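Overview (structure and organization)
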Amino acid sequence: MGENSTSQATIQDNTPITVLGLGHIGLPTALGLAELGRQVIGADDDSRKVGLIRGGDPTFYEPGLTELLAQHLKSGRFQPVDDVAAAVRAGSIIFICVGTPQKANGQADLGQVEAVAQVVARNLNGYKLLVEKSTVPAITAQWLKRTIVRYSSGKAYPAPGSAPAAGPMAFDVASNPEFLREGKALEDFFHPNRIVCGVESERARDLLVNLYGPLKCPMVVTNTSTAELIKHAANAFLSMKISFINMVSDLCEKVGADVGAVARGIGLDNRIGPQFLDAGIGYGGYCFPKDLRAFIHLAEEHGVDFSLLQEVEHLNQSRVEMFVGKVRQAIWNLQGKTLGVLGLAFKAGTDDIREAVSLKIIEILREEGSILRLYDPQAIPNTQRVLPASEQIAYCTSAYDVAQGAHALLLLTEWEEFRELDLARLRGVMEVPVLVDGRNLFDPEAVHKAGFEYFSVGRGDPKLAGTHTSPGIALK
Ligand code: UDX
């Protein structure tokens, strides 16, 4: 079809955008687009969640989100609704931001994705661009196209195919994967390293390039399967970087090297880069673990050997036992010992505990009979829902409260406020001054000076840490 796509893309500018799913990806995306000046309808079939969002509660912690939500509820550019069908009818660009949880076999569960595609199919009232924002395995877009044709009772055909005789409507499916880190979602929305657009028509390309134009960042425009694969490959590579430095940290401990200095030494090579080389108890969260497994599963479905990524996953899973081993090394028997736990969220800056390594460690300590005093600046409510207070589990109001009578303090989440703690005050209330640092958050010398026995990850002789002098040269 000889479409004059640019003019059509421009015509669409003032039509509302619909975002389906108002979770960690959908809500920041909806509010980010509203901030860019678009009219956005945010739909979620969880009426309770929509009610809370309408009242100004994002329903999860994300820096800056509450303020942006208030701003665009007030401006009217963001409208939260629980009628998904009506939201589909009202929008021309429809972002799919629903959950893609993981099945027992590692496969991504795309049931919610298909469900919204069927709603779109049954509510076609004009051209629609359906955009995958949720992380989905490559070739999902092909399934979305089939689903919309199949459930639209002949009303729809995928652009840029030629229209059958009847007056059915064209639609497009595109892949526009999110790269939002929890705790930095708005920063990543407004200052992305790149925008990836997987499209199959000029019209879809122009609509997305037009939409994201104000962000002025590199755009990778490709086909849908490539865009879907870019997302999985990005998260898999980042996970591999983390497992790599964790593997190296284990060797550092054996040979008295310092993994922080190793990370600096390799990270200064601009082909490696300094980020995601922080050794510790490994990665968690709703993305890396499930995306890695989904990527491996996709490769296995196509008979491609992804054993490298299986090793990445095994290495990460071994960090739990590694850390518990350090606690045993620090305090001997765990039974009956009081352990103060600093940090529950899967990382700093979020209240999210999904696949948090911290909770896996806590579960083992609980089974071993330790008494656990827990604190996290944001994640206590989410944790209490899955780990209620009990004889063995106490929730505390501060890090100092956690340290009361503790035989050891365990640092599991790298919240900045923990870095600022008064170590002498902590030591003063503890039964035994032992600190086991799972994120290398503390400065070994400062901790030793405060009178602690200090255990961390991959740190050799602190005198050598971060020096520019080769370890062979004696330091004064
Ligand atoms: C990740 C990707 O970074 C983001 O681009 C994607 O869109 C969603 O998944 P997120 O899961 O929010 O974001 O967290 P991230 O900051 O990537 O950290 C993931 C995990 O890796 C956390 O548990 C963190 O503690 C751990 N981590 C991170 C390390 O153990 N070492 C590091 O050096 C960095």
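Placed above this text is the structure.
Here is a short report on the structure shown in this document. (Residues numbered from 1 in each chain as written. Predicted model: local features only at pLDDT ≥ 70, side-chain atom pairs only at ≥ 80, totals over all residues. Heavy atoms only, no water.)

Side chains of a nonpolar character, in soluble globular proteins, are inclined to be buried together. Among the nonpolar cores identified, the biggest contains 66 residues, and Phe323, Leu344, Ile361, Ile362, Leu374, Leu410 and Phe418 are the most heavily contacted of them. In terms of residue count, the dominant contributor to this core is helix α13 (residues 307-331) (7 residues). Counting residues in each nonpolar core, the second largest holds 39 residues, with Ile53, Leu68, Ile93 and Ala185 among its members. (Core = buried A, V, L, I, M, F, W, Y, C linked by side-chain atoms within 4.5 Å. Buried < 20%, exposed > 50% of the residue type's maximum accessible area, 1.4 Å probe, protein only. Helix = DSSP H or I, 4+ residues; strand = E, 2+ residues; numbered from the N terminus.)

Attention shifts here to empty space enclosed by the protein. Applying the stated criterion across every chain, the model contains 1 cavity of 30 Å³ or more. The calculated volume of the largest cavity comes to roughly 30 Å³. Here the lining of the largest cavity takes 3 residues from helix α12 (residues 288-301), the largest share from any one element. Class assignment of the residues belonging to the lining of the largest cavity gives a composition of 3 nonpolar, 3 polar and 2 charged. Two domains each provide a minimum of three residues to the lining of the largest cavity, namely domain 1 (17-222) and domain 2 (237-469). (1 Å grid on protein atoms, 1.4 Å probe; cavity = no way out; pocket = protein on both sides within 12 Å on 5 of 7 lines; lining within 4 Å. Points joined across faces, edges and corners; volume = space filled by probe spheres on them. Nonpolar A, V, L, I, M, F, W, Y, C, P; charged D, E, K, R; others polar. Domains from an automatic or database assignment.)

To continue, consider the side chain of Gln118. Following the sequence through the fold, Gln118 ends up in helix α6 (residues 111-122). Judged by relative accessible area, which is 18%, Gln118 ranks as buried. What Gln118 contacts, discounting residues up to four positions off in sequence, is Thr147 and Tyr151. (Contact = heavy atoms within 4.5 Å.)

Considering all chains together, one arrives at 5 aromatic pairs under this definition. Consider the rings of Phe189 and Phe190, whose centres lie 5.1 Å apart with planes at 80 degrees: the pair is edge-to-face. For Phe189, a relative accessible area of 6% gives the class buried. By relative accessible area, which is 22% here, Phe190 ends up partly exposed. Relative to Phe306, the ring of Phe295 lies with its centre 4.9 Å away and its plane at 85 degrees, an arrangement referred to as edge-to-face. Here Phe295, found in helix α12, pairs with Phe306, found in the loop between α12 and α13; they are 11 residues apart in sequence, far enough to count as distant. What makes Phe295 buried here is its relative accessible area of 7%. (Phe/Tyr/Trp six-rings, centres within 6.5 Å; stacked < 30°, edge-to-face > 60°.)

What follows concerns unusual backbone geometry. For Trp332, which is not glycine, the phi dihedral falls at a positive 70 degrees. When you line up the elements, Trp332 lands in the loop between α13 and β10 (338-342). Unlike most non-glycine residues, Glu355 shows phi in positive territory, near 50 degrees. Tracing the backbone through its elements, the reader meets Glu355 in the loop between β10 and α14 (357-367).

So, about a negative patch on the surface. A cluster of acidic residues, Asp45, Asp46, Asp82 and Asp83, forms a negative patch at the surface. Counting through the fold element by element, Asp82 comes out in the loop between β3 (78-81) and α5 (84-90). Using a relative accessible area of 34% as the deciding quantity, one classes Asp82 as partly exposed. (Patch = residues over 30% accessible without salt bridge, like charges linked within 9 Å, V, L, I, M, F, W, Y side chains within 5 Å. Areas by Shrake-Rupley, 256 points an atom, 1.4 Å probe, with all protein chains shown as cover. Salt bridge = Lys/Arg side-chain N within 4 Å of Asp/Glu carboxyl O. Lys, Arg positive; Asp, Glu negative; His and termini not counted. Charge placed at Lys NZ, Arg CZ, Asp CG, Glu CD.)

As a volume, the second largest pocket reaches approximately 1,000 Å³. Around the second largest pocket sit 41 residues that line it, and Leu22, Gly23, His24, Lys49 and Arg354 are the ones nearest its centre. Listed by contribution, the elements that provide at least two residues to the lining of the second largest pocket are α3 (47-54), α6 and α15 (380-386). Tallying contributions element by element places α6 first for the lining of the second largest pocket, with 4 residues. Here the lining of the second largest pocket is composed, by residue class, of 18 nonpolar, 11 polar and 12 charged. Counting residues domain by domain, the lining of the second largest pocket receives three or more from each of domain 1 (17-222) and domain 2 (237-469).

Moving on, we get to the site of the ligand. With respect to spatial proximity, 20 residues lie near the ligand, and among them Glu178, Glu182, Lys231, Asp278 and Lys347 are the closest. Note that an oxygen atom of the ligand is positioned 3.1 Å from one of the backbone N or O atoms of Leu180. One of the backbone N or O atoms of Glu182 is found 2.6 Å from an oxygen atom in the ligand. Against a free-state accessible area of 660 Å², the protein chains account for coverage of 93% of the ligand. (Near = heavy atom within 4 Å. Polar contact = N/O pair within 3.5 Å; in protein donor to acceptor, adjacent residues only side chain to side chain.)

In this section: the environment of Cys217. Positionally, Cys217 belongs in the loop between α9 (202-212) and β9 (219-222). With a relative accessible area of 16%, Cys217 lands in the buried category. For Cys217 and Ala156, which are 61 residues apart along the polypeptide, the C-alpha to C-alpha distance reads 34 Å. Setting aside residues no more than four positions away along its own chain, Cys217 makes contact with Pro192, Arg194 and Ile195.

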